[in-house]
Every structure is written in C-alpha cells, then in structure tokens.
Amino acid sequence: MSIPLQFRPAPGTAPAPAPAPATDELLEGRDAVLRALAADFPGAAGGDAHGPVTASAAWVRRAVAAAPAGAVWGVLVRAGGAVALAALADRVHDGGTSSDLLTGGDGYRSGVLTTPDLHATADPVHWAVRLGEALARGADHRRTALRLTGLPDSPAAHALAAAAGAGTVEEAPVPVVERPVDGAHLVSAGMRKNLRKLTNRLATDGVRVDLALTRDPAAFEAALPELETAYRDRDLAHGVPCPLDTPAGRRTWLDRLAALDEVGRRELATLRLDGELAAYVVGVPGAGRYGVFDGRFVTRWARYSPGRALEHAVLQHAFTDPATQVVDWMTGVAPETLLTVSRFEPRIAVHRAAPTSAVRALAGVQPASAR
C-alpha cells in the first residue's frame, strides 16, 4: 500500500506518463466497500507492504466492520490497472452530518489505498484531483459535509481539496526525531543527566529493572490485560475520560493493535520494575521510520519516570536498524512531553460544507422537502 497524497516527485526525474482514461465509482454501504477491498486490496497492507499501517487495508477493513453499515461509503477511481480507494463513514453531530476517511482517526495519519502500479501511471497530484472530484460528487449525492483529517500538508493534498471545492485547516504537526549523525548524542546533555539520576535512584532503592522487546503475537496477547490497565491508569490519574471505558472505544483500540499485527509491523517494549509493568510502548517499525503508536506508564511508579526511561530505550533501539532514518509519534504530540524533537511534519484537514439544495438538484438528488 502507498499513499499518493504523501509522495512528491523526486527532483530531476522525468514526469510520469499520462494515465489511461480514469473512471470513478461511488460505493454505498459497508458491503460495497468490503467487496472493493477484497477485489483490489486482498492483502493486509493493500499494495505496498512498507506503507503506513494507519492507511493499510487491514486498518480500513476493521474500521469498516466497526462502523454502522449504512454510514459507510467510498469512492473508487480506476485507470487501466491502477486503483485508488477512499473509504469513509458518515458521522452525525450537532452541526449535521460529515464524512471522514476510515484511515487514520484520533490524530493518526490518514490517506487512501492505492495499488502499486498507480505511481507508474501518473503524478500523484493527478490522482488527487480525480479523487477530490469523485469525493465531491459522493458527498453531494449523500448530502454530507467532508471533514478529511490527518492528511500531510503536501501539494497532492491541496490539489485534492481544490478539486473537491474544499478548504484546508492546519492540524497539530507530528514531531519527528532524525537519526543522529555519527558521534552525536541522541538527547541533550541535560536529559542525559536526568536519565543518569533515574538509573542511580533505581539502584539506590534496590528496584529490579527488566526491559523487554517482542514481536511475538502470543506474548503480546498475554500482555494485553496489563497494557489495558496501564492505559486506564493514566487517564484516571489525569481525571479525563478513558476511550477504553466505552465498548466502541475499547474495540477501536483492540482493532488497531490487531491491524498492526496483520501488517507485520507491531512491536511491544515493556519496562517492569520489581516484576510489575511500569511502562509500555507499542512501536511500528519499517519503511525507513519507526512509529510510536501508543505508550503509557503506571502512576504508582512515577518516582522513577519509567515512561521517559522506556522512551529513551526505544529511541536507541529504533536506530540500531540502519534503515531507520526517523522516529515519529504518529500523531500531534506536545513537544515538551518528549525527550527530543528534530522537526515537525505539518498536516492538514480538508473541510467542505454539506451541499445546498441547488447543488443537490444538480447532482440528481432531491431535497427531503421535495419528496
């Protein structure tokens, strides 16, 4: 799987050949979207196994299955053998009904599914324009606004917005840590001093430290009850509602963790103090970058800052793979909560208002009052 909205043509390369004439199709309902996924994206990743898991076929299938059947829709653009699929769901709120992509969600990167041969047929901007036009027609037909969140701030994403007749809004950028140059420290001198203090405090108090890393699905499943407890603990400590307290929120969390495993890009790092889980990180290795999907620490161990200790260990581990060039947090995270940040990757949301009665009439859809 790959995300055309995230790619830019390499400098100095010849432009891609013009694509074959494209057709698009509106997919209405859960079954229609699932059939399209099965036909064109049968694998877990979709097309390219190195693509972002938050926009993989496995991620989309689980999101489609969890959404109300009638709320799910999508647009499929096809040219020759190349296919792009945007899967969405309608959400009813105080302002009416809006549709968002079923990739990403909750601040994670979003995008669309594409087949591997798509990039051989055209510049990603061309496909973004086709998708934008198709999304606008689909939204007009369904009488819904578009609120496409988590998109990279790229020429293709802006082209999609323009083609859909939509505006863009800046979203919280994603912090990134770049691979240190040879001989450079990963974190600042002050942070290294703090980490040494934590190590000394653990030794002075006689606390046993166990750090473990695994990609074994069985080990992950065995650890899930502890991970859930730690997740709930931090929200309780901050006095905020926990997403896991609702059946839908808990299912979403579990589905996303399962999707990471389906794509083969799920890694669990745990820090135990005196045998108890004190902190965990769910990592996403691959594609030249290491993502921090989820991480929590248990309040009772706060004296030893286990979250920071584990974060540092994960950063060090990630860069032991020579292919890893960056570590990112996959969502917009406040930089003051992180050990170090090299730069930020900007993102946008695409906003398009629901169609008026006149626009719906042009789209062949009667307003409710006229039926």
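Residues numbered from 1 in each chain as written. Predicted model: local features only at pLDDT ≥ 70, side-chain atom pairs only at ≥ 80, totals over all residues. Heavy atoms only, no water.

## A word on the packing of helix α6 (residues 217-238) against helix α7 (residues 247-263)
Our working rule: In this description, a line fitted to the C-alpha atoms serves as the axis of each element, helices being fitted only across the stretch in contact, and the angle between N-to-C directions of two axes falls anywhere from 0 to 180 degrees. Numbering of helices and strands runs from the N terminus, with a helix taken as a DSSP run of H or I at least four residues long and a strand as a DSSP run of E at least two residues long. Crossings are sorted by hand: turned counterclockwise from the far helix by less than a right angle, the near helix makes the crossing left-handed, and turned clockwise it makes it right-handed. The contact definition used throughout considers only heavy atoms, calling two residues in contact when any of these lie within 4.5 Å. For this classification, the nonpolar set comprises Ala, Val, Leu, Ile, Met, Phe, Trp, Tyr, Cys and Pro, the charged set comprises Asp, Glu, Lys and Arg, and every other residue, Gly included, is treated as polar.
At a minimum axis distance of 12 Å, the contact between α6 and α7 shows a crossing angle of 145 degrees. Judged by the sense of rotation from one axis to the other, the crossing of α6 with α7 is right-handed. Taken together, the residues of α7 that come into contact with α6 (itself represented by P217, F220, L224, L227, E228, Y231 and R232) are R250, W253, L254, L257 and D261. A per-class count over the contact of α6 with α7 returns 8 nonpolar, no polar and 4 charged.

## Side note on α7
For an α-helix, the turn length of 3.6 residues means that residues three or four places apart are oriented alike. Rules: To estimate how far a helix should reach, multiply one less than its number of residues by 1.5 Å. When a residue's accessible area, from a 1.4 Å probe over protein chains only, is under 20% of the maximum for its type it is buried; when over 50% it is exposed; and in between it is partly exposed.
Helix length check: α7 (17 residues) gives 24 Å between terminal C-alpha atoms against 24 Å at 1.5 Å per residue, within 8%. Burial in α7 covers these residues: G249, W253, D255, R256, L257, A259, L260 and V263. Packed against the buried residues of α7 are α2 (57-66), α6, β10 (276-284) and β11 (289-297). Backbone geometry just downstream of α7 places G264 in the positive-phi region, at approximately 80 degrees.

## A few points about the pattern of salt bridges
For the record, the criterion: In the sections that follow, a salt bridge refers to a side-chain nitrogen of Lys or Arg positioned within 4 Å of a carboxyl oxygen of Asp or Glu.
Enumeration over the complete set of coordinates arrives at 26 salt bridges. The salt bridge involving R232 is made with E228; its shortest N-O contact spans 2.9 Å. One end of the pair, R232, and the other, E228, are both in helix α6, 4 residues apart, so they sit about a helical turn from each other. Accessibility expressed as a relative area gives 28% for R232, which makes it partly exposed. Accessibility expressed as a relative area gives 13% for E228, which makes it buried. Residues joined by salt bridges that share partners form a network here, namely R109, E178, R289, D328, R343 and E345.

## Examining the side chain of D235
Quick note on the threshold: Any pair of nitrogen or oxygen atoms within 3.5 Å is treated as a polar contact; in protein, a donor-acceptor pairing is required on top of that, and neighbouring residues in sequence qualify only through side-chain atoms on both sides.
Here D235 is to be found in helix α6. Among the polar contacts listed, one links the side chain of D235 to the side chain of R296, at a separation of 3.0 Å. Beyond its immediate chain neighbours, meaning those up to four positions away, D235 contacts V240, P241, C242, P243 and R296.

## Quick word on unusual backbone geometry
A positive phi is found at S305, a non-glycine position, where the angle reads about 45 degrees. The residue S305 is located in the loop between β11 and α8 (306-318) in this model.

## Quick word on the packing of aromatic side chains
Aromatic ring pairs are reported here in terms of the distance separating the ring centres and the angle at which the planes meet. This is how the line gets drawn: For Phe, Tyr and Trp, where Trp contributes only its six-membered ring, two rings pair if their centres lie within 6.5 Å, and the inter-plane angle classes them as stacked under 30 degrees, edge-to-face over 60, or tilted in between. Whether a charge lies above a ring is judged from NZ of Lys or CZ of Arg, which has to be within 6 Å of the ring centre and within 35 degrees of the ring normal.
Throughout the structure, instances matching the rule amount to 5 aromatic pairs. Judged by centre distance (5.4 Å) and plane angle (65 degrees), the ring pair of Y231 and W253 falls under edge-to-face. Separated by 22 residues along the polypeptide, Y231 in helix α6 and W253 in helix α7 bring together distant segments of the chain. For the pair Y231 and W253, a shared accessibility class is recorded, and that class is buried. Here the guanidinium or amino end of R266 rests over the ring plane of F220, the centre of that ring lying 3.6 Å away. The side chain of R300 reaches across the aromatic face of W301, ending 4.3 Å from its centre.

## Points about the environment of S305
The class of S305 is partly exposed, set by a relative accessible area of 26%. A C-alpha to C-alpha distance of 7.2 Å links S305 and L198, two positions 107 residues apart in sequence.

## Considerations on the nonpolar core
Buried together is how nonpolar side chains tend to be arranged in soluble globular proteins. Inclusion rule: To form a nonpolar core, buried Ala, Val, Leu, Ile, Met, Phe, Trp, Tyr and Cys residues must be joined to one another through side-chain atoms within 4.5 Å.
With 53 residues, the main nonpolar core has L227, W253, L273, Y280, V282, F293 and V327 as its most contacted residues. Of all the elements in the fold, those that place two or more residues in this core are α2, α5 (189-204), α6, α7, β9 (267-273), β10, β11 and α8. If one sorts the elements of this core by residue count, β10 sits on top with 7 residues. The contact partners of F293, leaving out residues within four places of it in the chain, are W59, Y108, R256, L257, L260, V282, V284 and M330. Core analysis: the second largest hydrophobic core is formed by 30 residues, L131, L135, L148 and A164 among them.

Just distances and angles here, no functional claims.
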